[in-house]
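Overview (structure and organization)
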Amino acid sequence: MISQKTKYALKAMSALAAQFGNGAAPLRIEEIAKRSQAPKRFLEHILLELKAAGMIVSKRGRDGGYALVREPRSIGISEILRLIDGPIAPVACLSRSAYQRCDDCKSEETCMIRSVFGDVFAAYLLLIESITLYDLVLRPDIARKIG
């Protein structure tokens, strides 16, 4: 299950994706909060994490605000999930970013739990890694499913 923080991050990034490339000014935090329905104070922390990860930039001043660094088609929602919530694998021995052998496992090759969850996780990864911010903004069928 994804956290509320991740939901707000996805909504905030979607708001920024909708502004990308059309010559619009960066979005102020108040506008992002309004569009994402996120509390401004909570959103500030989320935007700092996204900025530290190099996904967004901020500009100070009258025309300041936040903007995406990369094209929305190149930002997968799995990147945001991992950034905000950490590893997305159901068990540590399947994680790409935080692999850890299970203490009670004698053999990963014969582990029934790893096998079952490995198949499920592989199918999940195929789907989740194929969805981008572009999809969230321009494909309402996907946005409704996440939503």
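Refer to the preceding data block for the structure.
Treat the numbers as computed from the prediction; the structure is a model and nothing was measured. (Residues numbered from 1 in each chain as written. Predicted model: local features only at pLDDT ≥ 70, side-chain atom pairs only at ≥ 80, totals over all residues. Heavy atoms only, no water.)

1. Quick look at the packing of aromatic side chains
Counted by the stated rule, this structure contains two aromatic pairs. A centroid spacing of 5.8 Å and a plane angle of 80° characterise the contact between Y8 and F42, whose relative ring orientation is edge-to-face. Note that Y8 is positioned in helix 1 (residues 4-19) and F42 in helix 3 (residues 40-52), a separation of 34 residues in sequence. Exposure remark for Y8: the relative accessible area of 13% places this residue in the buried category. For F42, a relative accessible area of 32% gives the class partly exposed. With 6.3 Å between their ring centres and 25° between their planes, F121 and Y124 make a pair best called stacked. With F121 and Y124 both in helix 5 (residues 112-128) and three residues apart, the pair spans about one turn of that helix. Relative accessible area serves as the criterion here: at 7%, F121 is assigned to the buried category. (Phe/Tyr/Trp six-rings, centres within 6.5 Å; stacked < 30°, edge-to-face > 60°. Helix = DSSP H or I, 4+ residues; strand = E, 2+ residues; numbered from the N terminus. Buried < 20%, exposed > 50% of the residue type's maximum accessible area, 1.4 Å probe, protein only.)

2. Structural notes on helix 3
The terminal C-alpha atoms of helix 3 lie 18 Å apart, and with 13 residues this matches the ideal 18 Å at 1.5 Å per residue to within 8%. Here helix 3 has its buried residues at L43, I46, L47 and L50. Seen along its axis, helix 3 keeps its buried residues to an arc of 100°; they face one direction. Away from its buried face, by an angle of more than 90 degrees, helix 3 presents the exposed residues R41, L48 and A52. (Expected span 1.5 Å × (residues − 1). Arc of directions from axis to C-beta.)

3. Description of the pattern of salt bridges
Side-chain pairs of opposite charge can arise where the charged atoms are in close proximity. In total, this model carries seven salt bridges according to the counting rule given. Ionic pairing is found between E30 and K40, a salt bridge with its closest N-O pair at 3.3 Å. Of this pair, E30 sits in helix 2 (residues 29-36) while K40 sits in helix 3, placing them ten residues apart in sequence. (Salt bridge = Lys/Arg side-chain N within 4 Å of Asp/Glu carboxyl O.)

4. Observations regarding the packing of helix 1 against helix 3
Two numbers describe a pair of packed helices, the interaxial angle and the distance between the axes. Two elements in contact, helix 1 and helix 3, have axes whose closest approach is 10 Å; the angle formed by their N-to-C orientations is 70°. Considering their axes alone, helix 1 and helix 3 lie roughly perpendicular with respect to each other. Mapping the contact onto sequence places K5, Y8, A9, A12 and M13 in helix 1 and F42, L43, I46, E49 and L50 in helix 3. In terms of residue class, the contact of helix 1 with helix 3 is built from eight nonpolar, no polar and two charged. (Axes fitted to C-alpha atoms, helices over the stretch in contact; angles between N-to-C directions. Parallel < 35°, antiparallel > 145°, perpendicular 65-115°, else oblique. Contact = heavy atoms within 4.5 Å. Nonpolar A, V, L, I, M, F, W, Y, C, P; charged D, E, K, R; others polar.)

5. Quick word on the pairing of strand 1 (residues 56-59)
Here strand 1 runs beside strand 2 (residues 65-68); their pairing, made up of four bridges, is antiparallel. Directly across from K59, in strand 2, lies its bridge partner G65. Connecting strand 1 to the antiparallel partner strand 2 that follows it, the hairpin turn spans five residues, and G61 within it adopts a positive phi of roughly 100°. (Pairing = 2+ DSSP bridges.)

6. Topic: the environment of I80
Following the sequence through the fold, I80 ends up in helix 4 (residues 77-85). Given the relative accessible area of 0%, I80 is considered buried. A sequence separation of 30 residues divides I80 from L50, and the C-alpha atoms of the two residues are 8.2 Å apart. In this structure I80 touches A9, L10, M13, M55, I75 and L133, once residues within four positions along its chain are discounted.

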